[in-house]
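Residue-level listing of the chains:
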Amino acid sequence: MQEIYLNLHKHKNKQKKLDKMIYDTIIIGNGPAGLSAAIFAARSDLKTMVIGEKLGGQAADAHLIENYPGFPSISGFELMQKFEEHAKTQGVEIIYTRAQKFEKDKKTQTFKINTGDNEYETKTIILALGTTIKKLNIKGETEYLGKGVSYCATCDGAFFREKTIAVIGGGDAALSATLYLEGIAKKIYLIHRRQEFRGEPIKLKKIKESKNIELILDTVPTGISGEITVTALNTKNLKTGQEKKLKLDGVFIEVGSTPTTVLAKELGINLDEKGYIDVDPAQKTDIPGIFAAGDITTNSNYFRQIITAASEGSIAADSAFKFLKENS
């Protein structure tokens, strides 16, 4: 009797191993690139999973998006919700957690992804992790985080109604944040280290026409001070060397981002000199079976937009499909 039980137990364990799900592709990151990749992968009849910590990534924090075709004006979060809903209608499995470790099984040539709680196995991977917000690394930045210092205008803007604030940066994110905060704050200083801005000209035009936004150019912040909360920002003009202390209530830091490529480095994927994943036109990395899409890559002429991220995601999914077909 015991022998029969042991044989049954062995059979059950064997069956468990046989029944373990192996995905055709697992997408790491659920922003525009990741969710677009998921939609196209699922439509190619690939068993697809998306692993990501936050719906929409940085795109979800955008107050208004006015350059995504079909939506003259929509919030970033709402647009990302639509991406997610679309993916789910295609049968995509989405889990909200962080991929902690990758490993390639040399015997099966599959990849294992560990999230801490679970391990998932897949034939291909699409990396769509996006970027991480850059910091100024000045005195008071960390100390006053959440006490007047913010990296997200749409998240924290409401706390500064009728207050005086500063936005630091010269790219599209800084211009977007400034325009969003214009309808909330009493006074805004837009501080940029150069004369020329890198953001959309139409946004800069609106800023220059605003009565409560003051441009402070050729200037960098040198320190944030306060009591319980922020009360002042110290600045320095790079041309004259003149230092000033601006009395204000909040500082929004929008100085760009860096690619989130820690996991890519662990896998030994080739990166460019700036840390972006080097991909070919098909979104292939130098490791067979691993693709990358969105702001994390060298493609789309480094043009960081939702539409380019979505395009790269769809190409990566198509490339994963072709890879599986060729290696089946």
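Our structure is the block above this text.
Each chain carries its own residue numbering, running from 1 in the direction its sequence is written. This being a predicted model, a pLDDT of at least 70 is required before a residue's local features are given, and a value of 80 or more before pairs of side-chain atoms are given or counted; all residues contribute to the totals for chains, interfaces and linings. Hydrogens are left out, water is left out, and the side-chain values use all remaining heavy atoms of the structure.

**Considerations on the sheet that holds strand 12 (residues 219-226)**
In step 1: Taken together, 3 strands build an open sheet; the order of strands is 12-13-14 and the sheet is antiparallel. Strands at the two margins of the open sheet, each flanked by one partner only, are strand 12 and strand 14 (243-247). Strand-to-strand twist of the sheet, defined as the mean angle between neighbouring strand axes without regard to direction, takes the value 25°.
In step 2: Note on pairing: DSSP must find at least two bridges between two strands before they are called paired. Numbering of helices and strands runs from the N terminus; a helix is a DSSP stretch of H or I covering at least four residues, while a strand is a stretch of E covering at least two. Two strands pair when backbone bridges link them, and strand 12 and strand 13 (residues 230-237) are joined in this way by 7 bridges, in the antiparallel orientation. Along strand 13, the bridge assignment pairs V220 with K236. A fitted line through C-alpha atoms represents every axis, and for helices the fit uses only the stretch in contact; the resulting angles, taken between N-to-C directions, go from 0 to 180 degrees.

**Quick look at the packing of helix 2 (residues 32-43) against helix 8 (residues 306-326)**
In step 1: Contact geometry of helix 2 with helix 8 gives a least axis separation of 7 Å together with a crossing angle of 35°. Between helix 2 and helix 8 lies a crossing of right-handed hand. Between helix 2 and helix 8, the residues in contact are P32, A33, S36, A37, F40 and A41 and I306, A309, A310, G313, S314 and A317, respectively.
In step 2: In this classification, Asp, Glu, Lys and Arg are treated as charged, Ala, Val, Leu, Ile, Met, Phe, Trp, Tyr, Cys and Pro as nonpolar, and every other residue, Gly included, as polar. Of the residues assigned to the contact of helix 2 with helix 8, the class counts are 9 nonpolar, 3 polar and no charged. Handedness of each helix crossing follows the sense of rotation of the near helix against the far helix: counterclockwise by less than a right angle gives left-handed, clockwise gives right-handed. Here, residues are in contact when the closest pair of their heavy atoms is within 4.5 Å.

**A few points about the pattern of salt bridges**
In step 1: Think of a salt bridge as a Lys or Arg side-chain nitrogen and an Asp or Glu carboxyl oxygen that are within 4 Å of each other. Following the criterion strictly, the structure yields 10 salt bridges and no others.
In step 2: With a shortest N-O distance of 3.9 Å, E66 and K206 are connected by a salt bridge. In this pair, E66 sits in the loop between strand 2 (48-52) and helix 3 (76-89) while K206 sits in helix 6 (residues 201-209), placing the two residues 140 residues apart along the sequence.
In step 3: With a relative accessible area of 39%, K206 lands in the partly exposed category.
In step 4: In this structure, the salt-bridge partner of D218 is K239, at a minimum N-O distance of 3.7 Å. Of the two residues, D218 sits in the loop between strand 11 (213-216) and strand 12 while K239 sits in the loop between strand 13 and strand 14, which places them 21 residues apart along the sequence.
In step 5: Residue exposure (1.4 Å probe, protein chains only): buried if accessible area is under 20% of the type maximum, exposed if over 50%, otherwise partly exposed. For D218, a relative accessible area of 10% translates into the label buried.
In step 6: K239 gets classed as exposed once you look at its relative accessible area, which sits at 64%.
In step 7: It is possible to trace a salt-bridge network through shared partners that takes in D172, E200 and K203.

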